[in-house]
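Each chain, letter by letter, is given below.
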Amino acid sequence: MLRGIAAAGAGAAVAGPLLAACGNSNSDGPPGYGTGINDGFDGKIELDVRDSTPDWKPFELKKAPDGAPNILVILFDDTGLASWSPYGGRINMPTLQKLADNGLTYTQWHTTALCSPTRSCFLTGRNHHVNRFASITEGSTGFPGSAARLPAQCATIGQVLQDNGYSTFWLGKEHNVPIEDVSSGGSKSEWPLQKGYDRFYGFLGGETNQWYPDLVEDNRFIDQPYSPEQGYHLSKDLADNALRMLRDQRSTNPSKPWYMWFCPGANHAPHQVPTEWADKYKGKFDDGYEAYRDWVLARMIDKGIMPKGTAMTPINPLPEDVAVPADAMRPWNTLNADEKRLFSRMAEVFAGFSEYTDMQIGRIIDYLERTGQMDNTIIFYCADNGASGEGSPNGSVNENKFFNGYPDDLAENMALLDQLGTPATYNHYPTGWAVAFSTPFKMFKRYSEYSGGTCDPLIIHWPKGIKAKGQIRHQYHHAIDITPTILDVIGLEMPKENRGVKQYPINGVSMRYTFDNADAPTTRKRQYYEMLGTRGIWENGWRASALHAPISDKGHFDQDKWELYHVDEDRSESKNLADQHPDKLKELIAAWDEEARDNFVLPLDDRTATELLAVERPNPEPPRDTYIYYPDAAPIPEAIAVNIRGKSYKIVADVDLTPQSEGVIFAHGSRFGGHVLFVKDGVLHYVYNFLGIPPEQDFVSPPLPTGKHTVGMEFVRDKAGQYGESLGTTTLYVDDKPVATGPMRAQIGTFTLTGDGLCVGYDSGDNVSQQYRHPGTFTDGTVYGVIVSVGKESYSDLQRDAARAFETD
């Protein structure tokens, strides 16, 4: 009998339901018990807390195993094996070299040949098609292996570590959020914080402007903290925020281990860096990319990265009927003097970009040393795919031309020679350097049939857990092996069930066995490859490769010719043994077919970049003809903004003007591709910046009247140009009167791969037109809203609709 119940009848009336609601492990209790709420509770519950005994065990969070190390994963972009100094490359990487000298350098560590898919492997330890990442998020196609949404059956390393007592941080590039979710109002289900990360600071897309990045902090878009003129660069900003997170951790939970995934924008295009860092490499690449290949292979052999006798491969290895012109390499001795100057400078900027970022990472390493955390922090320093060939044979001052299928022009590029790497360019080196930095292999990023696309640098450093220092490891491994290695060194396993969902088996294997045994046999027995229509498979030291170029739009995969290499004896894949060992080749092709069935690889897709980016994907907001946008809102990413590509379109804005009104009414894109409606010096401008190619296409009104008005423009597409671009006529309007008209060309592809979203009343990121200063905020007047239409209604009808919409909003 509870104290007080016998003495107070009224109390007895309350006690029963109260205890029934709370539960009591010391009594069978009334109906309502057994709901699971009190499972595992070993205390005692009475009416009065003074007579009750608490039990905190069921409510305590899990702690990491004793002695669990901190984890720091540094993942660069687009970096071939022959780029960096620890591997014999010409790019000086002091921080990485320091880690290599006191850790392990891996020579046969592989990736998927593209960024989002590789990053999904890091996230889950499963193959990229199992993760639904056959391609980048912008290339998802709606099949089980290509949906760009991690299945619930594939828990992330962040979720597992978060559930086991770790703090989890992610900085820099993300690129695993479906493009339709990259918006303020979009679903956050695939964003980092929902995938097991306590903190995120970086960008969600495949690339971003290093001077004007599209920043996200946790679950919201933010403005960059200061400008390039004030010393801003994304690599520095990411290191600043990494240090801030680590200091916060040390100040509040110093005994709790942490996991940090640090993914800089380097070395992905745009290659942008303070000029003094590019200048450190002046003249270092004047000998050209073929000479670099010969020089670096000799150094790789001397360092033990490559076996003695490793043969060089041809610069253009694919047969003419397979190769695509955009991925060809122009021999150095066929270039004129201007081309050599331009291409050399592009390599200098790339090298400076890489070293500058390594220096920023060095600040993190210095902090770990100063705070005594270095000894028990395991560091993985690596890259996500081979060097990038997206700069075309001629290089580019605006990489977005590649994604629009538009060629570069030497004269335009030469005019910007001295501005490469600055905010004025969005540059990318030519394919020749992609081949050189992927020496001694064939091809580069996107090509999964050869190691030029998949074999990447990896250095592991862990003083407490690795006795060997400065040694090389040749065991064959893959990006899916990082997660199981992390779990192994902590003493955890991937759960069989996560958040109520049975888990897909992990595909990776732990690499821990290599830490102190250089001669241990490789535990990985097989690894398939597929990317953008290219195919390959490695099994027990042999590799089969299907000859097919990515995004070539050639199809006919059943007609692909296969090559065979004995990689254990021929590391560079230089000797095709298909004719000598037809049975082995047949066996490996059958193995690839088996892996394709087991890993959701089919269908194969080699459509062009323009086609892939234009695939219609599910959108929570159904497509419509008319879109209404308002000021004082975050930028609207291109994936969910109105699509004007390849179409006629109209823009109408409701404004209230004064004689001093100035600034952006509507903007979308950047100086490297975009369009903007703005007021300057009392007149209206509509500028369409076609792929950053000067001059700006500028339509200008007479002096504007004051008061409330509608202003806008209409583009009528007449036909396609030589490269698919839209050709037509643009008319500028003030109220219902045309005030300027003329011919215009418009992009068929996106303004940017990601970022520089649609804005009203200002221009985010890098400004579209150089006629105003960033951010070009509209002042001394009011922008009520903007309507953009791709429908068939006339401009005057849209103008009336706009007036009604903003009167009632």
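A short tour of the structure in this document, coming up. (Residues numbered from 1 in each chain as written. Predicted model: local features only at pLDDT ≥ 70, side-chain atom pairs only at ≥ 80, totals over all residues. Heavy atoms only, no water.)

In terms of regular secondary structure, the chain is built from 16 helices and 29 strands. The C-alpha radius of gyration computed for the chain amounts to 29 Å, which stays within 12% of the reference 28 Å derived for 809 residues, consistent with globular compactness. With respect to the principal axes defined by its C-alpha atoms, the chain has extents near 90 × 80 × 55 Å. The buried share among the 809 residues of the chain stands at 60%. Sequence separation of at least 24 residues holds for 73% of the intrachain contacts in the chain that already meet a minimum separation of 6. Surface exposure of the chain reaches about 30400 Å², of which carbon and sulfur atoms provide 52%. (Helix = DSSP H or I, 4+ residues; strand = E, 2+ residues; numbered from the N terminus. Rg over C-alpha atoms; globule rule 2.2 N^0.38 Å. Buried < 20%, exposed > 50% of the residue type's maximum accessible area, 1.4 Å probe, protein only. Contact = heavy atoms within 4.5 Å. Areas by Shrake-Rupley, 256 points an atom, 1.4 Å probe, with all protein chains shown as cover.)

A few words on the packing of aromatic side chains. Throughout the structure, instances matching the rule amount to 41 aromatic pairs. Taken together, a centroid distance of 6.4 Å and an interplanar angle of 40 degrees make the contact between Phe-41 and Phe-59 tilted. Here Phe-41, found in the loop between strand 1 (31–34) and strand 2 (70–76), pairs with Phe-59, found in the loop between strand 1 and strand 2; they are 18 residues apart in sequence, far enough to count as distant. Each ring, one from Tyr-406 and one from Tyr-723, has its centre 5.1 Å from the other, and the planes form 70 degrees; the classification is edge-to-face. Separated by 317 residues along the polypeptide, Tyr-406 in the loop between helix 9 (400–403) and helix 10 (410–414) and Tyr-723 in the loop between strand 25 (707–720) and strand 26 (726–734) bring together distant segments of the chain. Each residue in the set Tyr-281, Phe-285, Tyr-289, Tyr-292, Trp-295, Trp-332, Phe-350, Tyr-429, Trp-433 and Phe-437 is aromatic and connected to the rest through ring pairs, giving one cluster. When the ring centre of Trp-191 is taken as origin, the NZ or CZ atom of Lys-188, which lies over that ring, is 4.8 Å away. (Phe/Tyr/Trp six-rings, centres within 6.5 Å; stacked < 30°, edge-to-face > 60°. Lys NZ or Arg CZ within 6 Å of the ring centre and 35° of its normal.)

Next up on the list: the pairing of strand 22 (residues 673–680). The buried fraction of strand 22 amounts to 7 of the 8 residues, a majority that puts the element mostly inside the structure. Direction of pairing for strand 21 (residues 649–670) relative to strand 22: antiparallel, over a ladder of 7 bridges. Bridging across to strand 22, Phe-666 finds its partner in Leu-677. A loop of 2 residues connects strand 21 with strand 22, the two strands running antiparallel in sequence. Looking at chain direction, strand 22 and strand 23 (residues 683–689) are connected through 7 bridges and run antiparallel. (Pairing = 2+ DSSP bridges.)

One open sheet holds the 10 strands; their spatial order is 8-7-6-5-9-2-10-11-3-12, and the pairing between them is mixed. If you trace the sheet from one side to the other, it starts and ends with strand 8 (220–222) and strand 12 (471–473), each paired once. This sheet shows a mean twist of 15 degrees between the axes of neighbouring strands, independent of strand direction. Sheet analysis places strand 10 (residues 377–383) next to strand 11 (residues 458–461), joined by 4 bridges and oriented antiparallel. (Axes fitted to C-alpha atoms, helices over the stretch in contact; angles between N-to-C directions.)

Let us look at the side chain of Gln-503. Its place among the elements puts Gln-503 in the loop between strand 15 (501–502) and strand 16 (526–531). At 3.1 Å, the side chain of Gln-503 forms a polar contact with the backbone oxygen of Val-501. Not counting chain neighbours up to four residues away, the residues in contact with Gln-503 comprise Arg-126, Ala-152, Gln-153, Cys-154, Ala-155, Pro-495, Lys-496, Glu-497 and Asn-498. (Polar contact = N/O pair within 3.5 Å; in protein donor to acceptor, adjacent residues only side chain to side chain.)

What follows is about helix 5 (residues 234–252). In an α-helix, one turn spans 3.6 residues, which is why side chains three or four residues apart end up on the same side. Its 19 residues place the ends of helix 5 27 Å apart at the C-alpha level, agreeing with the 27 Å of an ideal helix rising 1.5 Å per residue. Looking at the buried side of helix 5, the elements it contacts are strand 5 (167–173), strand 6 (199–203), strand 7 (215–217), strand 9 (258–263) and helix 8 (337–370). (Expected span 1.5 Å × (residues − 1).)

The 4 strands lie next to each other as 16-17-18-19, forming an open sheet whose pairing is antiparallel. Either end of the sheet is taken by a strand with one partner, and the two such strands are strand 16 and strand 19 (562–566). Going across the sheet, the axis of each strand differs from the next one's by a mean of 15 degrees, ignoring polarity. Strand direction decides the pairing type here: strand 17 (residues 534–539) and strand 18 (residues 542–546), joined by 5 bridges, are antiparallel. The residue of strand 18 that forms the bridge with Arg-535 is Ala-546. Against the sheet, helix 14 (residues 582–598) makes contact with strand 16, strand 17, strand 18 and strand 19, and its axis sits at roughly 110 degrees relative to strand 17, the strand it touches most.

Okay, the pattern of salt bridges next. Using the criterion set out here, one finds 39 salt bridges in the structure. Between Arg-524 and Asp-481 there is a salt bridge, and its shortest N-O distance comes to 2.6 Å. You can see Arg-524 sitting in the loop between strand 15 and strand 16 and its partner Asp-481 sitting in the loop between strand 13 (477–478) and helix 13 (482–490), a full 43 residues away along the chain. One exposure class covers both Arg-524 and Asp-481, and it is buried. (Salt bridge = Lys/Arg side-chain N within 4 Å of Asp/Glu carboxyl O.)

Below, the discussion takes up the nonpolar core. Judged by nonpolar contacts, the single largest core of 91 residues is most densely connected at Leu-72, Phe-76, Met-260, Phe-262, Tyr-381, Trp-433 and Phe-437. With 14 residues, the single largest contributor to this core is helix 8. Counting residues in hydrophobic clusters, the runner-up holds 49 residues, among them Ala-155, Phe-200, Ile-482 and Ile-486. (Core = buried A, V, L, I, M, F, W, Y, C linked by side-chain atoms within 4.5 Å.)

Turning next to the packing of helix 5 against helix 8. For the pair helix 5 and helix 8, the least separation of the axes is 9 Å and the interaxial angle reads 10 degrees. As the angle between them shows, helix 5 and helix 8 are arranged roughly parallel. Note on element contacts: helix 8 touches helix 5 through Phe-353, Tyr-356, Thr-357, Gln-360, Arg-363, Ile-364, Tyr-367 and Leu-368, opposite Ser-235, Lys-236, Ala-239, Asp-240, Ala-242, Leu-243, Leu-246, Arg-247 and Arg-250. Of the residues that constitute the contact of helix 5 with helix 8, the class distribution is 9 nonpolar, 3 polar and 5 charged. (Parallel < 35°, antiparallel > 145°, perpendicular 65-115°, else oblique. Nonpolar A, V, L, I, M, F, W, Y, C, P; charged D, E, K, R; others polar.)

So, about the environment of Val-716. The residue Val-716 is located in strand 25 in this model. Classification of Val-716 as partly exposed rests on a relative accessible area of 37%. Between the alpha carbons of Val-716 and Leu-171 there is a distance of 43 Å; along the sequence they are 545 residues apart. In this structure, Val-716 is in contact with Ser-648, Leu-727, Gly-728 and Thr-729, ignoring residues within four places of it in sequence.

We now examine helix 14. For helix 14, which comprises 17 residues, the first-to-last C-alpha distance of 24 Å matches the rise-based estimate of 24 Å (1.5 Å per residue) to within 8%. Listing the buried residues of helix 14 in full gives Leu-585, Leu-588, Ala-591, Trp-592, Glu-595 and Ala-596. Projection of helix 14 onto a plane perpendicular to its axis shows the buried side chains occupying an angular sector of 140 degrees, all on one side. Residues of helix 14 that are exposed and angled more than 90 degrees away from the buried face: Asp-583, Lys-586 and Arg-597. Turning to helix 14, the residues buried within the fold contact strand 16, strand 17, strand 18 and strand 19. At the exit of helix 14 stands Phe-600, carrying a positive phi of roughly 60 degrees. (Arc of directions from axis to C-beta.)

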